[in-house]
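# Structural features, examined
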Amino acid sequence: MATTTTESITTADRRRRRGGAAPRLQAGVRGRAKRVDPLFLLFLVPTLVLFTLAITLPAAMGIVLSFTNSVGFGEFRFTGLTNYVAVFSDPAILQAYLFTIGFSLVTVLLVNAVAFLLAIALTSKIRGKIALRGIFVLPMVISGIVIAYVFSFLFANSLPALATTLGIAPLEQSILANPDLAWVAIVVVTAWQAIPSTLLIYIAGVLSIPGEVYEAAALDGASAWRQLVSITAPLTAGYILINLVIGFKNFLNSYDIVVGLTDGGPGTSTTTVAMSIFKGFSGGDYAYQMANATIFFVIAVVIAVIQLRATRGKAAL
C-alpha cells in the first residue's frame, strides 16, 4: 500500500513538472516569436521614410494649403472653408465630377461584361485558347497615352473614311469633335486597355470552379446558359465584386487616355476631375484645386473602405 502511494505521488510530481515546463517553453517560444529580425527593419525603414517624404508629407501639406489662398509658392494666408465652398458652387467642377462618375459607371459595366464573357470563352474547349489569352492581354502592357494617340488617328481618319464609304452620316466626321459622342470614344478606348487585367482575374475565377460541378450539371440536362447563370456566375461572385469595385475606383482617376484623345474637349464636355486638378495647378488656382483634390481624396478613401468591407471574407483571391 505504501509502495502504491509513493508511486502515485511520484507520478503526480512528474506530471506537475511536465505541466509546469510546457507553459515556460511556450512562453519562451512566444518571446522569441515577438523579436523582429533586424534585416526586416533594414528594408522597412527606408521604404517608410521615402513613402512619408514622397506621399504622406506632400499630401498633408496640400490639405493644409487647401485652406489658404496660396498659388503654389510665396506667401499665403488662411481663408478657412472658402475654397471648399467655391468648389461645391463651381459648375465646371460639378460637371467634371458628373462626367467622371458617369464615365466610370458605364466603363466598369462594359469592361466587366466583356471580360467575363471572354473569360468563359477562353476557358472553354476551343483551339488555341492559350495563344488567344496572350493576344487579349497585350493592351495591358501598352502605355495609355500611346493607345490614345493611335485611337485618335483612327477616330479622326479611318473611321470617318469607312463611314463615308458605308454611308453612315453621323460618323463621317470625327466623333472626338462631337460633344455628344466624344465620351463614347473615351469609354471604348479605356475599356480596350482595361479589359485584359479584368479578364485575367475572371479566368482565375472560372478555372477555380471544379469541373465535376459542370459534369454533374450536364448529366442533369442543364444547358450552357443554365450552367452560366446557376454555376459560373454565383461561384465567381467574389471575383465580380472585386473587379467592379477596383475598376470603378481606377476609372475615377482616368487622365492619360482622356488627355490623348480629347484633352477635355470639345469645350469642357469630357474634362475629368483629375484633369481639372492638374490644369488648376498650372493656372494659378493651386489652393482652390487642392481643395478639389482633398474632396476627391475623401471620395477615393470612401470607395476604398467600401472595397475592403465588400471583399472581406471573400475567398475569391
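Conventions we followed
Counting of residues starts from 1 at the beginning of each chain's written sequence and follows it residue by residue. In keeping with the predicted nature of the model, local features appear solely for residues at pLDDT of at least 70, side-chain atom pairs appear and are counted solely at 80 or more, and the whole-chain, interface and lining totals rest on all residues. For side-chain calculations, the full set of non-hydrogen atoms in the structure is used, while hydrogens and water are omitted. By the criteria applied, helices consist of DSSP H or I runs no shorter than four residues and strands consist of E runs no shorter than two, each listed in order from the N terminus. Per-residue accessibility, obtained with a 1.4 Å probe over protein chains only, is compared with the maximum for each type, and a residue is labelled buried under 20%, exposed over 50%, and partly exposed between these values. It only takes one pair of heavy atoms within 4.5 Å for two residues to be counted as in contact. Note: pLDDT gives the predictor's confidence per residue, expressed from 0 to 100. Only Phe, Tyr and Trp rings take part, Trp by its six-membered ring, and two of them pair if their centres are within 6.5 Å. Stacked means planes under 30 degrees apart, edge-to-face means over 60, and tilted covers everything else. Note on method: axes are straight lines fitted to C-alpha atoms, helices fitted across the in-contact stretch only, with angles between N-to-C directions ranging 0 to 180 degrees. Oblique is the label for any angle not covered by the other classes, which are roughly parallel (under 35 degrees), roughly antiparallel (over 145) and roughly perpendicular (65 to 115). Take the far helix as your reference; a near helix turned counterclockwise from it by less than a right angle gives a left-handed crossing, and one turned clockwise gives a right-handed crossing. Each cavity reported here is a set of points on a 1 Å grid over the protein atoms alone in which a 1.4 Å probe fits but cannot get out, each pocket an open set with protein on both sides within 12 Å along at least five of seven lines, and each lining residue one with an atom within 4 Å of a point. Grid points are joined across faces, edges and corners, and a volume is the space filled by probe spheres set on the points. When residues are sorted by character, Ala, Val, Leu, Ile, Met, Phe, Trp, Tyr, Cys and Pro go into the nonpolar class, Asp, Glu, Lys and Arg into the charged class, and all the rest, Gly among them, into the polar class. Fitting axes to the seven residues that end at a residue and to the seven that start at it, the angle between those axes gives the bend at that residue. In this description, a nonpolar core means a group of buried Ala, Val, Leu, Ile, Met, Phe, Trp, Tyr and Cys residues linked to one another through side-chain atoms lying within 4.5 Å. Within 3.5 Å is the distance limit for a polar contact, defined as a pair of N or O atoms, with the added protein rule that one can donate a hydrogen and the other accept it, and that residues adjacent in sequence qualify only through two side-chain atoms.

### Let's talk about the overall build of the chain
Within the chain, the secondary structure is distributed over 13 helices and 0 strands. Listing each helix as α and each strand as β along the chain from the N terminus yields α-α-α-α-α-α-α-α-α-α-α-α-α. Relative to its 317 residues, the chain shows a buried fraction of 32%. The contacts of the chain with a sequence gap of at least 6 include a subset with a gap of at least 24, amounting to 69%.

### Some thoughts on the confidence of the model for the chain
With 87% of its residues at a pLDDT of at least 70, the chain reaches an overall mean of 83. Contacts for the low-pLDDT stretch residues 1-6, under 50 throughout, to residues beyond four places or in other chains number 0 contacts.

### Some details on the packing of aromatic side chains
On inspection of all chains with the given rule, the structure shows 9 aromatic pairs. With 5.9 Å between their ring centres and 10° between their planes, Phe-99 and Phe-103 make a pair best called stacked. In this pair, Phe-99 and Phe-103 are both assigned in helix H4 (residues 91-122), 4 residues apart and thus about one turn of the helix distant. Assigned by exposure class, Phe-99 and Phe-103 land together as buried. Centroid distance Phe-151 to Trp-192: 5.4 Å. Interplanar angle 65°. Geometry classified as edge-to-face. Of the two residues, Phe-151 sits in helix H6 (residues 144-166) while Trp-192 sits in helix H7 (residues 182-207), which places them 41 residues apart along the sequence. Since its relative accessible area comes to 16%, Phe-151 is described here as buried. Following the ring pairs from residue to residue traces out a cluster consisting of Phe-99, Phe-103 and Phe-251.

### A few points about the packing of H7 against helix H10 (residues 237-252)
Relative to each other, H7 and H10 sit at 155°, their axes nearing to 10 Å. Here H7 is positioned roughly antiparallel relative to H10, judged by the angle of their axes. Considering only the axes of H7 and H10, their crossing is right-handed. Taken together, the residues of H10 that come into contact with H7 (itself represented by Thr-190, Ala-194, Thr-198, Ile-201, Tyr-202, Ala-204 and Gly-205) are Tyr-239, Ile-240, Asn-243 and Phe-251.

### A closer look at the layout of surface pockets
In this structure, the largest pocket encloses a volume near 400 Å³. In terms of lining residues, the largest pocket is bounded by 14 residues, among which Ile-277, Ala-293, Thr-294, Phe-296 and Phe-297 are the most central. Residue assignment for the lining of the largest pocket shows that the elements contributing at least two residues are helix H2 (38-65), helix H12 (273-282) and helix H13 (286-311). No other element matches H13, which puts 6 residues into the lining of the largest pocket. For the lining of the largest pocket, a count of residues per class yields 11 nonpolar, 2 polar and 1 charged.

### Concerning H6
Phe-155 marks where H6 bends most, by close to 40°. For H6, the complete set of buried residues consists of Gly-144, Ile-147, Ala-148, Phe-151, Ser-152, Phe-155, Pro-160 and Ala-163. Considering only its buried residues, H6 is in contact with H7 and helix H11 (256-261). Gly-167 sits one or two residues past H6 and shows a positive phi near 75°.

### Re the nonpolar core
Ranked by internal contacts, the top residues of the largest apolar core, which has 47 residues, are Phe-155, Val-189, Leu-199 and Leu-261. Secondary structure elements with two or more residues in this core: helix H3 (82-88), H4, H6, H7, H10, H11, H12 and H13. Examining the composition of this core, we find that 12 residues originate from one element, H4, more than from any other. Excluding residues that lie within four positions of it along the chain, Phe-155 makes contacts with Pro-160, Ser-174, Ile-175, Leu-176, Ala-185, Val-189 and Leu-261.

### Concerning the environment of Val-114
Structurally, Val-114 can be placed in helix H4. Overall, the relative accessible area of 30% leaves Val-114 in the partly exposed class. Expressed as a C-alpha distance, the spacing of Val-114 and Thr-198, which sit 84 residues apart in the sequence, is 9.4 Å.

### A look at the environment of Leu-81
Note on placement: Leu-81 falls in the loop between H2 and H3. The spacing of Leu-81 and Thr-68 is 13 residues in sequence and 8.7 Å in space, taken between C-alpha atoms.

### So, the side chain of Ser-104
One can find Ser-104 in helix H4. Accessibility expressed as a relative area gives 0% for Ser-104, which makes it buried. A polar contact of 2.6 Å, which involves the side chain of Ser-104, links it to the backbone oxygen of Thr-100. When near neighbours in sequence (up to four residues on either side) are disregarded, Ser-104 contacts Phe-248, Phe-251 and Leu-252.

### Focus on the side chain of Thr-272
Take Thr-272: it is sitting in the loop between H11 and H12. With sequence-adjacent residues up to four places away left out, Thr-272 is seen in contact with Ala-96, Phe-99, Thr-100, Ser-254 and Val-258.

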